[in-house]
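The lines below spell out each chain.
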Amino acid sequence: MKTIMMSLLVALFLSPAVFADDVADVKKNVTESVEFVLNTMKDDSIAKDERNDRIIKRLSPLFDFRAFADYCLQGYTKHSKKATSEQYAKYLELFEPHISRYYLGKLDLVLKSLKDQEIKVTVKDPVRKGKKYIIAKANVLLDGENIKMDFWFVKRNDAYKAFNIVIGKTNLGKAKRADFVVSIKNLGFDKLLEWLKDN
């Protein structure tokens, strides 16, 4: 369980790092972002709230939260069409802080053990998928265990931003989508908004 949670954190902080006009800069940007996050996590002199704030401020602009939010509703138009324009706008507003809280919550569970673990990240050259998408594959060596990860990027305004992560065989976007659509189908869109606000 500890390894799974740590891999989720690494994936979150690794994937948004790819924000470059030139795809050749991907490896450099990934390395710098991972180093920033890990150094921030390990710094005992930084209070929890300040630590989280630094991480979010550094990485949030590099992530396409709207694309991620839309991906979590993709394929369920019979449900998402029921949302009004006001509901959809509120959904987009709540999605980013929800995802941030979700991952930062897991950060606290693994912070102590992280200090004693060796993490080695190897990023392969990214592969283009059509004109708009890039998939970057990485191997994360965590405490002797090799974890494979795929990071999905979409081109927005001549730059690439992350919008989904696959860890092993687990597609995180699809996993969130399954949670959301169950809420929409059984309880309605307003209940999903309430849940996003409180979780």
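### Quick look at the overall build of the protein
When helices and strands are tallied, the protein shows eight helices and six strands. Helices and strands in the protein line up, N terminus first, as α-α-α-α-α-α-β-β-β-β-β-β-α-α. Classification of the 199 residues of the protein by burial places 46% in the buried group. Within the protein, residue pairs in contact and separated by at least 24 positions form 60% of the contacts whose partners lie at least 6 positions apart. Summing over all exposed atoms, the protein offers an accessible surface of approximately 11000 Å²; the carbon and sulfur share of this is 51%.

### Topic: the packing of aromatic side chains
With the rule as written, the count across this model stands at 13 aromatic pairs. The interplanar angle of 75° and the centroid separation of 5.9 Å between the aromatic rings of Tyr71 and Phe163 together place this pair among those described as edge-to-face. On the criterion of sequence distance, the pair formed by Tyr71 in helix H4 (residues 65-71) and Phe163 in strand E5 (residues 159-167) is long-range, its members being 92 residues apart. Exposure remark for Phe163: the relative accessible area of 8% places this residue in the buried category.

### Examining the side chain of Gln87
Of note, Gln87 is situated in helix H6 (residues 85-114). Among the polar contacts listed, one links the side chain of Gln87 to the backbone nitrogen of Thr84, at a separation of 2.8 Å.

### Details of the nonpolar core
Ranked by internal contacts, the top residues of the largest apolar core, which has 32 residues, are Tyr91, Phe95, Phe151, Phe153, Phe180, Phe189 and Leu192. Secondary structure elements with two or more residues in this core: H4, H6, strand E3 (133-142), strand E4 (145-156), E5, helix H7 (172-187) and helix H8 (189-198). The dominant element in this core, judged by the number of residues it contributes, is H6, at five residues. If we skip the residues at most four places from it in the chain, Tyr91 touches Ala69, Cys72, Leu73, Phe180, Phe189, Leu192, Leu193 and Leu196. Among the nonpolar cores identified, the runner-up in size contains five residues, and Val37, Met41, Leu59 and Leu62 belong to it.

### Points about the confidence of the model for the protein
Should the pLDDT be low somewhere, the predicted coordinates at that spot are not to be read in detail. Of the residues in the protein, 71% have a pLDDT of 70 or more, and the chain-wide mean is 77. Considering each helix and strand of the protein separately, the mean pLDDT is smallest for helix H5 (residues 77-80), with a value of 53, and largest for H8, with 92. The low-confidence segment residues 15-21 (pLDDT under 50) makes 31 contacts with residues lying over four places distant or belonging to another chain.

### Looking at the packing of H7 against H8
Relative orientation of the contacting elements H7 and H8 amounts to 130°, with a least axis distance of 7 Å. As summarised for this structure, H7 and H8 are arranged oblique, according to the angle between their axes. Listed contacts from H8 to Lys176, Phe180, Ser183, Ile184 and Leu187 of H7 are Phe189, Lys191, Leu192, Trp195 and Leu196. In the contact of H7 with H8, the residues fall into seven nonpolar, one polar and two charged.

Rules used throughout
- Residues numbered from 1 in each chain as written.
- Predicted model: local features only at pLDDT ≥ 70, side-chain atom pairs only at ≥ 80, totals over all residues.
- Heavy atoms only, no water.
- Helix = DSSP H or I, 4+ residues; strand = E, 2+ residues; numbered from the N terminus.
- Buried < 20%, exposed > 50% of the residue type's maximum accessible area, 1.4 Å probe, protein only.
- Contact = heavy atoms within 4.5 Å.
- Areas by Shrake-Rupley, 256 points an atom, 1.4 Å probe, with all protein chains shown as cover.
- Phe/Tyr/Trp six-rings, centres within 6.5 Å; stacked < 30°, edge-to-face > 60°.
- Polar contact = N/O pair within 3.5 Å; in protein donor to acceptor, adjacent residues only side chain to side chain.
- Core = buried A, V, L, I, M, F, W, Y, C linked by side-chain atoms within 4.5 Å.
- pLDDT = per-residue confidence, 0-100.
- Axes fitted to C-alpha atoms, helices over the stretch in contact; angles between N-to-C directions.
- Parallel < 35°, antiparallel > 145°, perpendicular 65-115°, else oblique.
- Nonpolar A, V, L, I, M, F, W, Y, C, P; charged D, E, K, R; others polar.

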